[in-house]
Structure formats: structure tokens, C-alpha cells
Amino acid sequence: DAEITQSPRHKITETGRQVTLACHQTWNHNNMFWYRQDLGHGLRLIHYSYGVHDTNKGEVSDGYSVSRSNTEDLPLTLESAASSQTSVYFCASSESLTRNEQFFGPGTRLTVL
Amino acid sequence: GQNIDQPTEMTATEGAIVQINCTYQTSGFNGLFWYQQHAGEAPTFLSYNVLDGLEEKGRFSSFLSRSKGYSYLLLKELQMKDSASYLCAVRDGATNKLIFGTGTLLAVQP
């Protein structure tokens, strides 16, 4: 069955370290998204991609970067982790921008000490 | 500006009906989604409305009024497993990005 996976599921790191969160989908969806979820804020968009080599900033993109070298993967990198980036991170993908729902991965819980 | 409002918490009784409301103000509109999210899990898609009216899917129904910027999710014959957060999300008409509300935590009691 097609699916969307994230790794690691849990990560503890230290302030200032570089961290990369992986997202892999096997639906062959062109559209992929990264969100963070914090109490009181709901899901907020970090970065998104509409296809290979396409990346765009979302509403909370500072301190994060993404790259899209193939259809299946959209890794999220925290260049220098900060305590404010402690959160649960969800990757999502969708077939179409205008009709279809987004499918979410299981999430990565990141703690920055 | 863009704003989505939902109640923070609701409580209902097993077997009953509950309505979760969502009001929105966005610069453009291209559809409204409801997602269910159990604690510690990913959001899962429940329903989609782009035209005014009611969409029914089993025990769950969703209603949309675009002129009022209003939607609700109706859950019938509540079960204990329906205890979860329910997220309202609007697709912005200009960017096609989803804008999420903060979610409504529903507790179903015996």
C-alpha cells in the first residue's frame, strides 16, 4: 500500500546542532508540505513543494530549509536548532492542489535542549 | 487577514449528537476540510466542502455556508473512539495553501 513515512519518530538534540527530519511518500504526489504543531497554534506551514526542485516558504520558515531532489522525498533541515523549535513536525502530501485532501505522516516529536 | 475560530473543548455523551462549529475569515476561499486527530497521532481526513450545503458520510456530516464564513461538523451516535481533536482547515483561494484552526478537543463520556 502507498504511504507516507517520517523518521525519526522521536529526536532529542542540543541547541545549535543541525537536524534533518526525513519524509518519504510512495503515492507519487507532486505536492508535499511540512507543518509544525504546537499547543494553542494548531498546524502551521513551514515549507512546501509543488514538484521536484520546487520549494516555497510557509508562514514559519525562519530557521528551516527543505530541498526536493525527487518526487518521493522532502527532508526538513533545522540549520541551528533552537529551543523554540521544540515541537511535533508533520509531513503531508497531496495529489492535487485544488481538490484533494492532504495525507499526513505519523509525525516527528523533536525536543531541543 | 486570515483567521479560523473553533471552540477549544467540548464534551458530549456516548450515543448523542454533537456539532462542532468553525468560522473563518480568509482573503480567498477554495474549500474547507475537517480532519480528526487522536492524541499522539497524525490528522486524518474526514470531509471536504467547497459548495454550500451538507455533505454526509456515515455518522459524520459537514455543512458549509460561504456567505457566512461558517461550517460545522456533525457527529451522530457518538462512540468513545470519537474522543479526539477535530481540525477545521480552509484552503486559501489565492495560494491554495491550507490554513488550520487550533482544533476542538472533543471528550465523549459514557
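As a reminder, the structure under discussion sits directly above these lines.
None of the values given here were measured: they were computed from a predicted structure. (Residues numbered from 1 in each chain as written. Chains lettered and ligands numbered in written order. Predicted model: local features only at pLDDT ≥ 70, side-chain atom pairs only at ≥ 80, totals over all residues. Heavy atoms only, no water.)

S.K.: Describe the overall build of chain B, and please don't skip the residues or the numbers.
M.R.: The helix and strand inventory of chain B stands at zero helices and eleven strands. Tracing chain B from N to C terminus, the helices and strands come up as β-β-β-β-β-β-β-β-β-β-β. Relative to a compact globule of 110 residues, whose C-alpha radius of gyration would be 13 Å, chain B shows 13 Å and is just as compact. Dimensions of chain B, computed from C-alpha atoms along their principal axes, come out at roughly 45 × 30 × 20 Å. The buried share of chain B, reckoned over its 110 residues, is 49%. Considering only residue pairs separated by 6 or more positions, chain B has 57% of its internal contacts joining residues 24 or more positions apart. Here chain B displays about 5200 Å² of accessible surface, and carbon together with sulfur accounts for 48% of that area. Looking at chain B, you have 8 positive and 10 negative side-chain charges, and the mean spots of the two groups are 6 Å apart. (Helix = DSSP H or I, 4+ residues; strand = E, 2+ residues; numbered from the N terminus. Rg over C-alpha atoms; globule rule 2.2 N^0.38 Å. Buried < 20%, exposed > 50% of the residue type's maximum accessible area, 1.4 Å probe, protein only. Contact = heavy atoms within 4.5 Å. Areas by Shrake-Rupley, 256 points an atom, 1.4 Å probe, with all protein chains shown as cover. Lys, Arg positive; Asp, Glu negative; His and termini not counted. Charge placed at Lys NZ, Arg CZ, Asp CG, Glu CD.)

S.K.: An account of the interface of chain A and chain B is requested, with residue identities and associated values reported.
M.R.: A common way to express how large an interface is: the accessible area buried when the components associate. Counting residues at the interface gives 21 residues for chain A, matched by 18 residues for chain B. Between chain A and chain B, a total of about 1500 Å² is buried, with carbon and sulfur atoms accounting for 55% of that surface. In this assembly, chain A and chain B are joined by two residue pairs in polar contact (both at pLDDT 80 or more). Of all elements in the fold, only β4 (31–38) and β5 (42–51) of chain A reach the threshold of two or more residues within the side of chain A that touches chain B. Ranked by residue count, the leading element in the side of chain A that touches chain B is β5(A), at five residues. (Buried area = accessible area lost by both parts, 1.4 Å probe. Polar contact = N/O pair within 3.5 Å; in protein donor to acceptor, adjacent residues only side chain to side chain.)

S.K.: For the pairing of strand β11 (residues 108–112) of chain A, give the residues involved together with the corresponding values.
M.R.: Residue and element names in this part refer to chain A. Burial along β11 is one-sided: T108, L110 and V112 are buried, while R109 and T111, pointing the other way, are not. Relative to β11, strand β9 (residues 87–94) runs antiparallel, the two sharing three bridges. Looking at β11, one finds that S87 is bridged to L110. (Pairing = 2+ DSSP bridges.)

S.K.: If you had to explain the state of the cysteines to someone new, which residues and values would you point to?
M.R.: Within the structure shown, the criterion is met by two disulfides over all chains. Each sulfur of the disulfide joining A:C23 and A:C91 lies 1.8 Å from the other. The sign of the -70° torsion about the S-S bond sets the A:C23-A:C91 disulfide as left-handed. Highlighted residues: A:C23 in strand β3 (residues 19–25) and A:C91 in strand β9, separated in sequence by 68 residues. Just as A:C23 is buried, A:C91 falls in that class too. For B:C22, the disulfide goes to B:C88, at an S-S distance of 2.0 Å. (Disulfide = S-S within 2.5 Å.)

S.K.: Please provide a residue-by-residue account of the pairing of strand β9 (residues 84–91) of chain B, values included.
M.R.: All names here are of chain B. Counting buried positions along β9 gives seven out of eight residues, so the element sits mostly inside the fold. In this structure, strand β4 (residues 32–37) lies alongside β9, joined through six bridges in antiparallel fashion. In the strand pairing of β9, Q37 is matched with S85. Summarising the sheet, β9 and strand β11 (residues 104–109) pair through three bridges and their orientation is antiparallel. Bridge pairing in β11 places Y86 opposite T104. A loop of six residues connects β9 with strand β10 (residues 98–100), the two strands running antiparallel in sequence, and N96 in this loop sits at a positive phi of about 65°.

S.K.: Kindly report on unusual backbone geometry, identifying the contributing residues and their values.
M.R.: In the segment running from A:S7 into A:P8, the intervening peptide bond is cis, with an omega of -5°. Looking at where A:P8 falls in the secondary structure, it is placed in the loop between β1 (4–7) and β2 (10–13). Non-glycine residue A:H53 carries a positive phi angle of around 70°. Mapped onto the fold, A:H53 is located in the loop between β5 and β6 (54–57). Given the relative accessible area of 68%, A:H53 is considered exposed. The backbone phi angle of B:E77 is positive, close to 45°, even though this residue is not glycine. As for its position among the elements, B:E77 is in the loop between β8 (70–75) and β9.

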